[in-house]
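As a plain string of letters, each chain reads:
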Amino acid sequence: MPTSEVIVQQALNELGLTKASSINPTGKTPNDILQNFNLYLWSAFEKSLEVLEKYESKVYPKALHQLSILRSNNLNIIETANPKMPFAEKVGESLEVLYPDLWHVFLSRSNSRKQRGGKDFEEQLGQLLTLADIPFDKQIRKYHSDFMLPSAAAFNRDKTRSILISAKRTLRERWQNVVEEIYETKCPNAFLCTADEAVAPSIIIRLREHNAHIVVWDRIKEEKFKDEPIVVGYSQLANFEIPTFRNYWIK
């Protein structure tokens, strides 16, 4: 299977989310990306899954074909033991023979989805920031990844004029560890970006205690957290929060 970087890059290309230039006049300018950040991130989130499924539809059938070859002796026994067995029964007995292997194949697919889901979201966020000409350094932590704007050097020199963006696709597990990791950076301008639409009150309380914000889809902000300042939408992040500090980065 291709890496998350390849999957997301292909998704952005299919969406036309490429950088405008003299040889690519139909591409997007940094301002385009910022003004439509919520829409483009959502589109990239959805399209990346479509691209992944296309690759899976090629890889896993081949794996199942190889599995049938590997277990051909067992399947032949079913055929020769009772050649008059109804087709449906043959299929049933064949599946019983293959079940342990099929279980491992589909468990592998499920685990792969879980493991790469977070990586794909980080790539979507990072590649859009790059298209928007937002400088950052990326740091891999135990439970998530950080984007330090405008750079790790600037972040370590003066956190008050820097931004920490942490990416966590879902908040179903380990979100408390992520919040603690964010708090340990001592950055007053910290934002936890997520694609999860189920943001529990306990998460809001913990983020408030740790002086951090959570970034959600604009729709979720409007529908569920309109008057909650701890929660910001992606449009607000791209068009207000980042530009506010960006003036400090321009020399």
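Residues numbered from 1 in each chain as written. Predicted model: local features only at pLDDT ≥ 70, side-chain atom pairs only at ≥ 80, totals over all residues. Heavy atoms only, no water.

Description of the sheet that holds strand S3 (residues 163–167)
Our working definition: Any two strands with at least two DSSP bridges between them are considered paired. Think of it this way: any DSSP run of H or I at least four residues long counts as a helix, any run of E at least two long counts as a strand, and we number them from the N terminus. Inter-axis angles, ranging from 0 to 180 degrees, are taken between N-to-C directions of lines fitted to C-alpha atoms, where helices are fitted over the stretch in contact. Whether two residues touch is decided by their heavy atoms; if any such pair falls within 4.5 Å, the residues are in contact.
In spatial order, the strands read S1-S2-S3-S4-S5-S6; together these six strands make up an open sheet with mixed pairing. Both edges of this open sheet fall to strand S1 (137–140) and strand S6 (231–233), since each of them pairs with a single strand only. This sheet shows a mean twist of 30° between the axes of neighbouring strands, independent of strand direction. Relative to S3, strand S2 (residues 145–149) is paired through five bridges, and the arrangement is antiparallel. Of the residues in S3, the one forming a bridge with Phe147 is Ile165. On top of the sheet, helix H7 (residues 175–184) reaches S3, strand S4 (190–193) and strand S5 (212–216); it is set at about 155° to S4, its chief contact.

Looking at the packing of H7 against helix H8 (residues 201–209)
Selection criterion: An angle below 35 degrees is read as roughly parallel, one above 145 as roughly antiparallel, one from 65 to 115 as roughly perpendicular, and any other as oblique. Crossings are assigned a handedness: left-handed for a near helix turned anticlockwise from the far helix by less than a right angle, right-handed for a clockwise turn. Note that Gly is not counted as nonpolar here; it falls among the polar residues with everything else outside the nonpolar set of Ala, Val, Leu, Ile, Met, Phe, Trp, Tyr, Cys and Pro and the charged set of Asp, Glu, Lys and Arg.
Where H7 contacts H8, the axes come no closer than 10 Å and their chain directions differ by 15°. The angle between the axes of H7 and H8 places the two elements in the roughly parallel class. Remark: the crossing between H7 and H8 carries right-handed chirality. Taken together, the residues of H8 that come into contact with H7 (itself represented by Trp175, Gln176, Val179 and Glu180) are Ser202, Ile203, Arg206 and Leu207. Taken together, the residues that form the contact of H7 with H8 break down as four nonpolar, two polar and two charged.

A word on the pattern of salt bridges
Condition: Think of a salt bridge as a Lys or Arg side-chain nitrogen and an Asp or Glu carboxyl oxygen that are within 4 Å of each other. Each residue gets one of three labels from its accessible area relative to the maximum for its type: buried under 20%, exposed over 50%, partly exposed in between, using a 1.4 Å probe on protein chains only.
This structure, assessed with the given rule, holds 11 salt bridges. The closest approach of N and O atoms between Lys54 and Glu14, which form a salt bridge, is 4.0 Å. Here Glu14 lies in helix H1 (residues 4–15) and Lys54 lies in helix H3 (residues 37–70), a separation of 40 residues in the sequence. Overall, the relative accessible area of 39% leaves Glu14 in the partly exposed class. Between Lys47 and Glu50 there is a salt bridge, with the nearest N and O atoms lying 3.1 Å from each other. Highlighted residues: Lys47 and Glu50, both in helix H3, separated by three residues, approximately one helical turn. Judged by relative accessible area, Glu50 falls into the partly exposed class, the value being 38%. Through salt bridges with shared partners, a single ionic network connects Glu14, Lys47, Glu50 and Lys54.

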